[in-house]
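# A closer look at the structure
One letter stands for each residue in the lines below.
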Amino acid sequence: AAGETLDDLLPEAFAVVREAARRTIGMRHFDVQLMAGIVLHEGKIAEMKTGEGKTLVATLPLYLNALEGRGCHLVTPNDYLSRVGGGWMGPVYHFLGVSVGVITHEFAGIYDPSYMDPNPSPDDRLNHWRPVSRREAYLADITYGTNNEFGFDYLRDNLVYRPEDFVQRELNYAIVDEVDNILIDEARTPLIISGPAQETVDRYYQFAQIARQLRKDVHYTVDLKHRNVTLTEAGIDRVERLLGIPEGQSLYDDRYSELVHYLEQALKAKELFHRDKDYIVRDGEVIIVDEFTGRQMLGRRYSEGLHQAIEAKEGVRVQRETLTQATITFQNYFRMYKKLAGMTGTAATEAEEFATIYNLDVVVIPTDKPMIRIDYPDQVYRTEEAKFRAVVREIKEMHAIGRPVLVGTTSIEKSEYLSMLLKREGIPHEVLNAKHHEREALIVAKAGQPGAVTIATNMAGRGTDIVLGPGVAEKGGLHVIGTERHEARRIDNQLRGRAGRQGDPGSSRFFLSLEDELLRRFGSDRITGIMDRLGMEDDTPIEHPLITKTIESAQTKVEGYNFDLRKHLVEYDDVVNKHREVIYAERRKIIQGENLRQNVLDMVRRQIEHIVESSTESERFAEFDYEEMLRGFAGLLGDTDGLRPRDLEGRSKDELVEFLYGRALARYE
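What counts, and at which threshold
- Residues numbered from 1 in each chain as written.
- Predicted model: local features only at pLDDT ≥ 70, side-chain atom pairs only at ≥ 80, totals over all residues.
- Heavy atoms only, no water.
- UniProt positions renumbered as here; feature names shortened; annotations may be inferred.
- Helix = DSSP H or I, 4+ residues; strand = E, 2+ residues; numbered from the N terminus.
- Buried < 20%, exposed > 50% of the residue type's maximum accessible area, 1.4 Å probe, protein only.
- Contact = heavy atoms within 4.5 Å.
- Lys, Arg positive; Asp, Glu negative; His and termini not counted.
- Charge placed at Lys NZ, Arg CZ, Asp CG, Glu CD.
- Pairing = 2+ DSSP bridges.
- Right-handed = clockwise from strand over helix to strand, strands pointing away.
- Axes fitted to C-alpha atoms, helices over the stretch in contact; angles between N-to-C directions.
- Core = buried A, V, L, I, M, F, W, Y, C linked by side-chain atoms within 4.5 Å.
- Phe/Tyr/Trp six-rings, centres within 6.5 Å; stacked < 30°, edge-to-face > 60°.
- Lys NZ or Arg CZ within 6 Å of the ring centre and 35° of its normal.
- Salt bridge = Lys/Arg side-chain N within 4 Å of Asp/Glu carboxyl O.
- Patch = residues over 30% accessible without salt bridge, like charges linked within 9 Å, V, L, I, M, F, W, Y side chains within 5 Å.
- Areas by Shrake-Rupley, 256 points an atom, 1.4 Å probe, with all protein chains shown as cover.

The protein chain carries the name Preprotein translocase subunit SecA in an unreviewed UniProt entry, which gives Thermorudis sp as its organism. Quoted verbatim from the Subcellular location (unreviewed entry) field of UniProt, the annotation for the protein chain is "Membrane". Of the comments in the UniProt record for the protein chain, the one headed Sequence similarities (unreviewed entry) reads "Belongs to the SecA family."

Below, the structure written as structure tokens:
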């Protein structure tokens, strides 16, 4: 282009992508999708309802921005979506002469229609990735990958020793898919590259034993709201006896301070982290389960010894502690891109956070066809058992008339409990947990068939379309059941959004109980009061707009609290981030073989100015502590260069700086 800006090229570029998509994969962008493409090109967040074709929309701004030749990244929440998204849109890019790479945990590839995977998948979109080096995948015009892979590659690039080992290019333009999940839910998760530290494995087993001998509310109290465990006086005495701490000494003395750390982590592991909810144990390993998506976070470990404490609690092998070699939070990684954009079905509730932390505006994109899903009011039961009985009744009714049902649960344990109840009733169903990663997409694709019943943790919420089977729309479409409210309203909306896509009919309802975590933490007393006054039975729900309001206000409170945490983290991390940027930039110069003579000499001069300044005893009379000055100078050079205090006498501050700098320069040369 003859000096034209990308904005000038936009109409033609978008038109050519729309036509290429129609010819290659038979999909033509709707007008609302072109609108979303413009929003993404402008570096904003496009909120698009589920099923409005985010994957197709991304082709528009990615092609346009790829024309600059600086690389564009499309960031997805998991490896499967990276490979499917890139492989599905691959023919469009290929037709337009733009190369596409993919980066996953253990694979990097380039889309090549003539290549066929030797172990083909039934989903053809996954079969045309030709294996290449990571560096080549990043050199493609467009690269699909997960936030974890992009972030870790950035950190690894800053630990290499040779310029040819760099894999990433500059961070130019990124579109983050499911942007709320990555920039908000995951924001506080630091990416850490670490090496092994010294052994303290036995301590974890010892304290797991001690934690088992302590009783809740006698020896310690648990604060669910702030996720803290605090020892009581009785607890301190008991622990001191178990550890054999002599009379007159305390667990909190300096010499025992590290033991307190092991004890706190053992109690947290016992009370705040639950198997099959926060983590699973597989092949003798503790694997974290993401609370927002229910997926396994392979290779991720809790920090500060918490993971080791959980391993000891579960009686599996405690892995060695690690030392951090490089770390960055997602917040800071994504703020380094020259231009950042995002898409999701649910961002409006967090618009303030996107604006404050990332300087991103949220634009709500209208749907192509009007939304006709019916969202029924919540039903609240007194006990969890009564709630699940009601869920089973509702599933039975829907199943009988042939409507498909998707049930969202908050943990693996609850999925399995509900599955057991349905088996008892003889209702055929599928269970999607973090335990069946590979089958997940195939099961979700069938979840819209007549009479299908699918139980899923939150993970089924993201990035998977449920297409209605024959005759389902006439019966009322897909019915979504939520079995608990999540801390964030977005996650609930994401679940509801599985139904009623692209103008399809559908409905949703949440079933709650006063024993749910959110209601236990906030405001169940008020609701219990109402139920008691009305003399209600366990199996009688209350449905009242006031209840739904109370719950939403509890969610708003938690969202606000989490936003503050993330905001403080960003402010705190900003300081570390400045250090990181400076050090990484210097390191990069050294590796790329730039001449650093001037950098080193500038540092030496600044150091000498500091030494002279800090050895000045009185500003007015220019009195100097020459001994102190020479000690500082020796610290810089390794010796005093043969200087004695009398060599420095009779000089002004500036002369001293020049004199010492001259000596240092002579040594450097």
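Text resumes after the structure shown.
Turning our eyes to something else, we now look at the overall build of the protein chain. On a plain count of helices and strands, the protein chain comes out with 25 helices and 24 strands. C-alpha atoms of the protein chain, sized along the principal axes, occupy 100 × 85 × 50 Å. The buried share among the 669 residues of the protein chain stands at 50%. For the protein chain, restricting intrachain contacts to residue pairs at least 6 apart in sequence, the fraction spanning at least 24 positions comes to 73%. Once the 87 positive and 110 negative side-chain charges of the protein chain are each reduced to a mean point, those two points are 3 Å apart.

With 8 of 8 residues buried, strand β22 (residues 506-513) is to be regarded as a mostly interior element. Because side chains alternate across β22, one face comprises the buried residues Gly506, Ser508, Phe510 and Leu512, and the other comprises Ser507, Arg509, Phe511 and Ser513, equally buried. Sheet topology places strand β16 (residues 374-375) next to β22; 2 bridges connect them, and they run parallel. The residue bridging aspartate 375 from the neighbouring strand is serine 508, located in β22. As judged from the 3 bridges shared by strand β17 (residues 379-381) and β22, these two strands associate in the parallel manner. What sits directly across from tyrosine 381, in β22, is serine 513. In this structure, strand β21 (residues 478-482) lies alongside β22, joined through 5 bridges in parallel fashion. Bridge assignment links leucine 478 to a residue of β22, and that residue is glycine 506. Crossover handedness for the path β21 to helix α18 (residues 489-496) to β22: right-handed.

For the rest of this paragraph, the subject is the sheet that holds strand β1 (residues 45-47). Taken together, the 9 strands give an open sheet; going across it, the order is β5-β4-β3-β6-β2-β7-β14-β1-β15, and neighbouring strands pair in mixed fashion. Because the sheet does not close on itself, it has two edges, and the strands there are β5 (129-131) and β15 (362-364). Along the sheet, successive strands turn relative to each other by an average axial angle of 25°, direction set aside. Strand contacts of helix α6 (residues 147-157): β2 (72-76), β3 (100-104) and β6 (142-146), with the helix running at about 100° to β6, the strand carrying the most contacts.

A positive phi angle, close to 70°, is found at aspartate 217, a residue other than glycine. Counting through the fold element by element, aspartate 217 comes out in the loop between α8 (201-212) and β9 (220-223). At aspartate 283, a residue that is not glycine, the phi angle is positive and equals roughly 50°. Examined against the element boundaries, aspartate 283 turns out to sit in the loop between β11 (279-282) and β12 (285-288).

For the rest of this paragraph, the subject is the environment of methionine 297. Position of methionine 297 among the secondary structure elements: in the loop between β12 and α11 (306-314). The buried category is assigned to methionine 297, whose relative accessible area is 13%. Residues methionine 297 and tyrosine 279, spaced 18 residues apart in sequence, show a C-alpha to C-alpha distance of 9.1 Å. With near-sequence residues (within four places) excluded, methionine 297 lies in contact with Glu186, Ile287, Ile288, Val289 and Asp290.

As a further point, take the side chain of serine 513. If you trace the backbone, serine 513 turns up in strand β22. Apart from residues no more than four positions distant in its own chain, serine 513 is found in contact with Tyr381, Arg382, Thr383, Glu384, Lys387 and Leu519.

Residues Leu40, Leu62, Tyr93, Tyr144 and Ile175 are the most contacted members of the largest nonpolar core, which totals 41 residues. Excluding anything up to four places from it in sequence, tyrosine 144 contacts Leu62, Leu74, Ser82, Gly85, Gly86, Met89, Tyr93, Val100, Gly101, Val102, Ile103 and Phe150. Membership of the second largest hydrophobic core comes to 38 residues, among which are Leu171, Phe334, Leu360 and Phe563.

With the rule as written, the count across this model stands at 14 aromatic pairs. With a centroid separation of 5.9 Å and an interplanar angle of 55°, the aromatic rings of tyrosine 138 and phenylalanine 150 are classed as tilted. Remark: phenylalanine 150 occurs in helix α6 and tyrosine 138 occurs in helix α5 (residues 134-139); sequence separation between them is 12 residues. Judged by its relative accessible area of 2%, tyrosine 138 is buried. Of the residues examined, phenylalanine 150 reaches a relative accessible area of 0% and is grouped as buried. By way of ring pairs, the aromatic residues Tyr154, Phe330, Tyr333, Phe334, Tyr337 and Tyr584 are connected into one cluster. Here arginine 587 stacks its cationic end above the ring of tyrosine 161, 5.5 Å away from the centre of that ring.

Glancing now at the pattern of salt bridges. Applying the stated rule across the entire model yields 36 salt bridges. With its nearest N and O atoms 3.0 Å apart, the salt bridge here joins arginine 162 to aspartate 165. Here aspartate 165 falls in the partly exposed class, since its relative accessible area comes to 30%. Between glutamate 425 and lysine 396 there is a salt bridge; the shortest N-O distance is 2.7 Å. One end of the pair, glutamate 425, is in helix α15 (residues 412-425); the other, lysine 396, is in helix α14 (residues 384-401), and 29 residues separate them in sequence. Taking relative accessible area as the criterion, lysine 396 reaches 41% and is therefore assigned partly exposed. Among the charged side chains, a salt-bridge network with shared partners connects Arg134, Glu149, Asp153 and Arg156.

A large share of α6 lies buried, amounting to 8 of its 11 residues. Listed as buried for α6 are Asn147, Glu149, Phe150, Gly151, Asp153, Tyr154, Leu155 and Asp157.

In this section: a negative patch on the surface. On the surface, Glu4, Asp7, Asp8 and Glu12 cluster together into a negatively charged patch. Mapped onto the elements, aspartate 7 comes out in helix α1 (residues 6-25). For aspartate 7, a relative accessible area of 54% translates into the label exposed.

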